[in-house]
Amino acid sequence: MSHTFKLNYDGSEFEYPVQEGTMGDIAVDISSLRAQTGLITMDPGYKNTGSTESKITFLDGEEGKLLYRGYPIEQLAEKSSFEEVMYLLLEGELPTQDELTIFKNTLKDYNFVNDRVKKIIDAFPQEAHPMGVLASLTSSLTAFNPKSVNVNNEKEMYHAAARLIGKFSILSAWTYRKMTGKDLSEPDNNLSYVANFYQMMFREKNKDFEVNDVIVNALDKLFILHADHEQNCSASTVRLVGSSHAGLFVSISAGISALWGPLHGGANQAVLEMLENIQKDGGGLQKWVDKAKDKDDSFRLMGFGHRVYKNMDPRAKIIKKAADDVLNQLGIQDEVLDLARGLEEVALKDEYFVERKLYPNVDFYSGIIYRALGIPNEMFTVMFALGRLPGWIAQWKEMRQTNQPIGRPRQVYTGEPTRDYISVENR
Ligand code: CMC
């Protein structure tokens, strides 16, 4: 049944179409509102604004439900692989065995970067944050691959995505080599995408390297869980930059910068730093929960709350269990994990958090796994970026292929009304 939305304004009635999604989302299409009434809509932070239709990811924040191309995240995390999920997000369907083999081989074909990129890395200070380095290196790829992609050509889009994914694992691993002062490693194309990334991070020069399956499986699962999350801050940034018809690599570089902030992907680093501070402070949890509730204190419980989830983040549930499994399998006791569990318990009973529906999000437990795998705090958001890359590319591709208009919000001006210029001697 089709619906319309009626608006009474200034004594006149206006009608707007209501758009319905396949999973029950409904939206009023107000694109003609200003032309008809002179009104714009105000929604700072886009809390209630739909910027696009999308066939990629479905998220129900009330139910705590997340689907990629219709498949529940729980099934993908348990049964699929990161390579398969990348294909699913980019191409819309799970691959056949042949399609998957071709895709994996194509990623391997692009798993190299121009030698001059090494010189760019060399020029960065060692103490540079790896997210800044990653954003710059991703942007620099444009210089080495100047041909833009024809977004109406499926084959070119497939190769553009594979090219970026193939190179991104090297760039991500190299940000770690740079910050730890190690020589730049080389890819090993006998390994899966995730195992290859892992060996590029940790292999010592001229030494054998044994891939630890527990670690690779944990990373694979984490990357699947991070692979897309519909119109979040970084994906919207990628779409907005790309809407001006800027190229794929620079659009993704902008997405990396958006992800870096502590309210978005940077929260995983902030969570671990917060837990370490709580530990140093003696482990008293209530004090920190009270601090987070104090409106005169800017401190927030990092890893809690979400713009869309008003229930437990389904990814957090899976990661919490995975953190338990990984620590058990690796025989690691981590007091920080106990603190995280304790903090979750205290916060979930606290009226402030209950009332505001603030639950642990994806970043709350992911840092604990990364830490168990020997990955330093500053690299956590790079891990998020590597996982999120296929989602960003899928969003960019969909935006360009559906020919979305350039993104350009409006505003309500509240500054000085028109006034005349006064020369400096008369001010
Ligand atoms: N600690 C304490 N209070 C909080 C928190 C928190 N972590 N999160 C939200 N609140 C309060 C906030 O102060 C506000 O209270 P009041 O209604 O009294 O003013 C209320 O809850 C609603 O918060 P909001 O800031 O209006 O909600 P938002 O949708 O604009 O922000 C958020 C969502 C994720 C930015 C926010 O919850 C937050 O800052 N969380 C901590 C950072 C974090 O973990 N970020 C990762 C998000 S998940 C991964 C990702 O997307 O990258």
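Peer 1: Describe the packing of helix α12 (residues 267-280) against helix α15 (residues 335-349), naming the residues involved and giving the relevant values.
Peer 2: Where α12 contacts α15, the two axes come as close as 10 Å, and the packing angle between them is 95°. When the axis of α12 is compared with that of α15, the two are roughly perpendicular. Here M274, L275, I278 and Q279 of α12 come into contact with α15, specifically with E335, V336, L339, A340 and L343. For the contact of α12 with α15, a count of residues per class yields 7 nonpolar, 1 polar and 1 charged.

Peer 1: Report on unusual backbone geometry, specifying residues and quantitative values.
Peer 2: A negative phi angle characterises most non-glycine residues, just as the trans form characterises most peptide bonds. The phi dihedral of R69 is positive, around 50°, even though this residue is not glycine. On the accessibility criterion, R69 (21% relative accessible area) is partly exposed. Phi is positive for N206, which is not a glycine, with a value near 55°. For N206, the location among the structural elements is in the loop between α8 (193-202) and α9 (213-226).

Peer 1: Describe the sheet that holds strand β3 (residues 26-28), listing the residues and the values that go with them.
Peer 2: Sheet architecture is open: 3 strands sit in the order β1-β2-β3, paired in antiparallel fashion. Here the strands that pair on one side only, and so sit at the sheet edges, are β1 (4-9) and β3. For this sheet, the mean angle separating the axes of adjacent strands, direction not counted, is 30°. Where strand β2 (residues 12-20) lies against β3, 3 bridges are found, and the strand directions are antiparallel. Its bridge partner lying in β3, V18 is registered against V28.

Peer 1: Could you give me a rundown of the pairing of strand β5 (residues 65-68), with the residues and numbers involved?
Peer 2: Both strand β4 (residues 57-60) and β5 contribute to a ladder of 4 bridges, which runs antiparallel. Across the sheet, the residue bridging to D60 is K65, located in β5. Two successive antiparallel strands, β4 and β5, enclose a turn made up of 4 residues, where G64 displays a positive phi of approximately 70°. Counted between consecutive antiparallel strands, the loop separating β5 from strand β6 (residues 71-72) contains 2 residues, among which R69 sits at a positive phi close to 50°.

Peer 1: Which residues make up the site of the ligand, and what values go with them?
Peer 2: Lining the immediate surroundings of the ligand are 23 residues, of which H264, R300, L301, G303 and R307 lie closest. Between an oxygen atom of the ligand and a side-chain N or O atom of H264, the distance comes to 2.6 Å. In the model, an oxygen atom of the ligand is placed 2.9 Å from a nitrogen or oxygen of the R356 side chain. Protein chains shield 78% of the accessible area of the ligand, which is 930 Å² for the free molecule.

Peer 1: Tell me about empty space enclosed by the protein, residues and numbers included.
Peer 2: As enumerated under the stated definition, the model contains 1 cavity of 30 Å³ or more in all. Its volume calculated, the largest cavity comes out at about 80 Å³. Around the largest cavity, the lining residues are E83, K104, L107, K108, N111, G166, S169, N189, L191, S192, Y193 and N196. With 3 residues, helix α4 (residues 97-109) is the largest single contributor of residues to the lining of the largest cavity. Each residue belonging to the lining of the largest cavity can be placed in one class, and the counts come to 3 nonpolar, 6 polar and 3 charged.

Peer 1: Lay out the layout of surface pockets in plain terms, naming residues and giving numbers.
Peer 2: The space that makes up the second largest pocket amounts to roughly 400 Å³. As for the second largest pocket, its lining consists of 19 residues, and the residues nearest its centre are N145, K147, S148, V149 and R163. Looking at the lining of the second largest pocket, the elements that each hand over two or more residues are α7 (154-179), α11 (248-260) and α18 (380-401).

Peer 1: A description of the pattern of salt bridges should follow, citing residues and the corresponding values.
Peer 2: Under the counting rule described, the total for this entry stands at 21 salt bridges. Here K320 makes a salt bridge to E344, at a shortest N to O gap of 3.4 Å. With K320 in helix α14 (residues 314-329) and E344 in helix α15, this residue pair connects regions lying 24 residues apart in the sequence. A relative accessible area of 27% means that K320 is categorised as partly exposed.

Peer 1: Give a description of a positive patch on the surface that names residues and reports values.
Peer 2: Side chains of K47, K295, R300 and R307 sit close together on the surface and give a patch of like positive charge. For R307, the location among the structural elements is in the loop between α13 (285-293) and α14.

Peer 1: I'd like to hear about the sheet that holds β5, residue by residue, with values.
Peer 2: Overall, antiparallel pairing links the 3 strands, which are arranged β4-β5-β6 in an open sheet. At either margin of the open sheet sits one strand with a lone partner, and together these are β4 and β6.

Peer 1: A description of the packing of aromatic side chains should follow, citing residues and the corresponding values.
Peer 2: In total, this model carries 14 aromatic pairs according to the counting rule given. Across from the ring centre of F112, 3.8 Å away, lies the NZ or CZ of K167, which sits over that ring. We note R356 situated over the ring of Y352; from NZ or CZ to the ring centre the distance is 3.8 Å.

Peer 1: Quick one: what's the story with α11, residue by residue and with numbers?
Peer 2: Here α11 is 13 residues long and its end C-alpha atoms lie 19 Å apart, about the 18 Å a rise of 1.5 Å per residue gives. The element α11 is extensively covered by neighbouring structure, given that 10 of its 13 residues are classed as buried. Among the residues of α11, those classed as buried are L248, F249, S251, I252, S253, A254, G255, I256, A258 and L259. Those residues of α11 that are buried lie in contact with α6 (130-144), α7, α10 (233-242) and α18.

Peer 1: For the pairing of β1, give the residues involved together with the corresponding values.
Peer 2: Strand direction decides the pairing type here: β1 and β2, joined by 6 bridges, are antiparallel. Looking at the pairing, L7 lines up with F14 of β2. Hairpin geometry of β1 and β2 is characterised by an intervening segment of 2 residues between the two adjacent antiparallel strands and by a positive phi of about 55° at D10.

Scoring rules and cut-offs
Residues numbered from 1 in each chain as written. Predicted model: local features only at pLDDT ≥ 70, side-chain atom pairs only at ≥ 80, totals over all residues. Heavy atoms only, no water. Axes fitted to C-alpha atoms, helices over the stretch in contact; angles between N-to-C directions. Helix = DSSP H or I, 4+ residues; strand = E, 2+ residues; numbered from the N terminus. Parallel < 35°, antiparallel > 145°, perpendicular 65-115°, else oblique. Contact = heavy atoms within 4.5 Å. Nonpolar A, V, L, I, M, F, W, Y, C, P; charged D, E, K, R; others polar. Buried < 20%, exposed > 50% of the residue type's maximum accessible area, 1.4 Å probe, protein only. Pairing = 2+ DSSP bridges. Near = heavy atom within 4 Å. Polar contact = N/O pair within 3.5 Å; in protein donor to acceptor, adjacent residues only side chain to side chain. Areas by Shrake-Rupley, 256 points an atom, 1.4 Å probe, with all protein chains shown as cover. 1 Å grid on protein atoms, 1.4 Å probe; cavity = no way out; pocket = protein on both sides within 12 Å on 5 of 7 lines; lining within 4 Å. Points joined across faces, edges and corners; volume = space filled by probe spheres on them. Salt bridge = Lys/Arg side-chain N within 4 Å of Asp/Glu carboxyl O. Patch = residues over 30% accessible without salt bridge, like charges linked within 9 Å, V, L, I, M, F, W, Y side chains within 5 Å. Lys, Arg positive; Asp, Glu negative; His and termini not counted. Charge placed at Lys NZ, Arg CZ, Asp CG, Glu CD. Phe/Tyr/Trp six-rings, centres within 6.5 Å; stacked < 30°, edge-to-face > 60°. Lys NZ or Arg CZ within 6 Å of the ring centre and 35° of its normal. Expected span 1.5 Å × (residues − 1).

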